[in-house]
Amino acid sequence: MIGDIPQPSPHPMPVGPLVDRITQDPTGWRRKSLISLFDVSAEQFREALEIAARIKAFDQKRTPGIAWIYPRTLGLLFEKPSLRTRVSFEASMVHLRGHAIYLAPGDVGLGVREAVEDVARVLSRWVDVIAARVFAHETVEELAAHSSSPVINALSDREHPIQAFADLLTLQEYRGALGNHLKLSYVGDGNNVLHALLLACAKMGVNISAACPEGHGPDPAYVQEALRIGATTGAQVEVLHDPRVAVRDADAVYTDVWASMGQEHERAERARIFAPYQVNSELMAFARSDAIVLHCLPAHRDEEISAEIMEQHRASILDQAENRLHTQKALLVLIVGL
Ligand code: CP
Ligand code: NVA
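Let me begin by describing the structure that accompanies this report. None of these values were measured; they are calculated from a predicted model.

1. Observations regarding the sheet that holds strand β9 (residues 292–295)
Then step 1. Strands sit in the order β7-β6-β5-β8-β9 across an open sheet of 5 strands; the sheet is parallel. Edge positions in the sheet fall to β7 (237–240) and β9, since each of these pairs with one other strand and no more. In this sheet, neighbouring strand axes are inclined to one another by 20° on average, regardless of whether the strands run parallel or antiparallel.
Then step 2. Along the sheet face, helix α13 (residues 314–336) touches β8 (252–255) and β9 and points at about 45° away from the line of β9.

Below is the structure:
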C-alpha cells in the first residue's frame, strides 16, 4: 500500500533558472571526474564559479536553494588529514540534503589492504560521487579509471584543483570580474596548490607570477600548459626566483606551507631554504597598497606568512576558506546533477 511506504521528506524545491541551467548541463560537467585542471575547460571553470556565486547568494538570503529529491551519497576517501576539505564537503552534502561517508586515512588501506581498482569498483557501487585525497596523483587517476561514479581530486601531491575554484571566486569577489587587469602573485613552494593556480589563472585570463626557490619551482608541464592557455586568454604567466619582482603591483599575494603533507621530515631544511620567501610586511610593500592576501590553509605563522600579515588579512583568507563550501556545492550539483 503506497500510504505505508516511507516517502522522502519534503525539501525546498530548487530555484527555477538555476536548476534549468544545471539540468541542461551546457558545459558538460555531468558525471565528469575532476582529477586535474588540465581537463577542465575555461567554460567549465567559469560555469562552476557562476553557479557557486549564485548558490552563495541564495545561502546568504536564506532562500531555498538546491536540494536533491532523494539523498545522494559522497564517499570521502582520504589518505591524508584535512579540516577544510572534509568539513566543506560534508557540510555541502548536508545543505544539498545528501550524505557524506568519511573514510579516514588508514580505514581502507588503499593499495595495501586492497587494490586501488577494487576499492574504486566497490565504493562506486554505493556512492554517487567520490572525493579522494591521496599522496600519489596516479592513485586518484586509477580510482577514476575504475570507478563507475565520478571522482573528484580532493588534493594529490601534484594538484589541488578544487582549491583553485575557491581561490578564483575569492579574487572575483574582492576585485570584480576576472581578467588580465588582475595579477595574482604566488610566493613559496612550487607545489600542488601552485599547479592548480597556474592553470586556473591562465584559464580565467588572470595574470600569475610565481616566485619559488631554485629547485622548488612548479612542474614545467604546468607552466607550459599555463603559458599555452595564457596565449589565448591574455593571461601573462611567469615563474621566477625573486619574490619582490613576483609581487610587484599584485592584486593578490598567495602563499602556502613550505612543507606539504608527506614532507614533514623536510620541514627544518625547507625553513632554511624558503626563509627569503616569507610573506611579510616588507614583501607586501611591493604589492598594490590594496592587495589582498590569500592562503589555502593550514598556515604556519612566521614561516611562510608572518603572524602580522595573517592577522591583518584574515578577512580575505577566511572568505577564501568559506568559498570552499560554495564552490564544492557548485561542483557537486554540476557533476552529480539534480
Ligand atoms: N586547504 C585545504 O585543502 O585544507 P585541508 O587540508 O584542511 O582540507
Ligand atoms: N600544499 C599543501 C596544501 C594543503 C591544503 C599540502 O599538500 O599539504
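2. What about the site of ligand 1?
Then step 1. The environment of ligand 1 is formed by Ser82, Leu83, Arg84, Thr85, Arg133, His160, Gln163, Cys296, Leu297 and Arg324.
Then step 2. For ligand 1, an oxygen atom lies 2.6 Å from a polar atom in the side chain of Ser82.
Then step 3. In isolation ligand 1 offers 260 Å² of accessible surface; the protein chains occlude 96% of this area.
Then step 4. Classifying every residue of the shell around ligand 1 by side-chain character gives 3 nonpolar, 4 polar and 3 charged.

3. Some remarks on the environment of His146
Then step 1. Inspection of the secondary structure puts His146 in helix α5 (residues 137–146).
Then step 2. Once the C-alpha coordinates of His146 and Leu123 are considered, the two residues, 23 residues apart in sequence, prove to be 10 Å apart.
Then step 3. Leaving out residues up to four positions away in the same chain, His146 has contacts with Glu117, Ala120 and Arg121.

4. As for the site of ligand 2
Then step 1. Lining the immediate environment of ligand 2, one finds Leu155, Asn191, Asn192, Val193, Asp256, Val257, Ser260, Met261 and Leu297.
Then step 2. Asn192 places a polar side-chain atom, nitrogen or oxygen, 2.8 Å from an oxygen atom of ligand 2.
Then step 3. Contacts to ligand 2 include Met261, whose backbone N or O atom sits 2.8 Å from an oxygen atom.
Then step 4. Considered on its own, ligand 2 offers 270 Å² of accessible surface; in the complex 96% of this is hidden by protein.
Then step 5. For the shell around ligand 2, the class distribution of residues is 5 nonpolar, 3 polar and 1 charged.

5. Regarding the packing of aromatic side chains
Then step 1. Taken as a whole, this structure holds 7 aromatic pairs when the rule is applied.
Then step 2. Ring plane angle 10° and centroid distance 4.1 Å describe the contact between Phe45 and Phe165, whose orientation is recorded as stacked. Separated by 120 residues along the polypeptide, Phe45 in helix α2 (residues 42–61) and Phe165 in helix α6 (residues 161–175) bring together distant segments of the chain.
Then step 3. Judged by its relative accessible area of 0%, Phe165 falls in the buried class.
Then step 4. Ring centres of Phe78 and Tyr102 lie 5.7 Å apart, and the angle between their planes is 75°; on these two criteria the pair is classed as edge-to-face. Of this pair, Phe78 sits in strand β1 (residues 73–78) while Tyr102 is found in strand β2 (residues 99–103), placing the two residues 24 residues apart along the sequence.
Then step 5. Judged by its relative accessible area of 2%, Phe78 is buried.
Then step 6. Here Tyr102 falls in the partly exposed class, since its relative accessible area comes to 22%.

Reading the values: rules and limits
- Residues numbered from 1 in each chain as written.
- Chains lettered and ligands numbered in written order.
- Predicted model: local features only at pLDDT ≥ 70, side-chain atom pairs only at ≥ 80, totals over all residues.
- Heavy atoms only, no water.
- Pairing = 2+ DSSP bridges.
- Helix = DSSP H or I, 4+ residues; strand = E, 2+ residues; numbered from the N terminus.
- Axes fitted to C-alpha atoms, helices over the stretch in contact; angles between N-to-C directions.
- Contact = heavy atoms within 4.5 Å.
- Near = heavy atom within 4 Å.
- Polar contact = N/O pair within 3.5 Å; in protein donor to acceptor, adjacent residues only side chain to side chain.
- Areas by Shrake-Rupley, 256 points an atom, 1.4 Å probe, with all protein chains shown as cover.
- Nonpolar A, V, L, I, M, F, W, Y, C, P; charged D, E, K, R; others polar.
- Phe/Tyr/Trp six-rings, centres within 6.5 Å; stacked < 30°, edge-to-face > 60°.
- Buried < 20%, exposed > 50% of the residue type's maximum accessible area, 1.4 Å probe, protein only.

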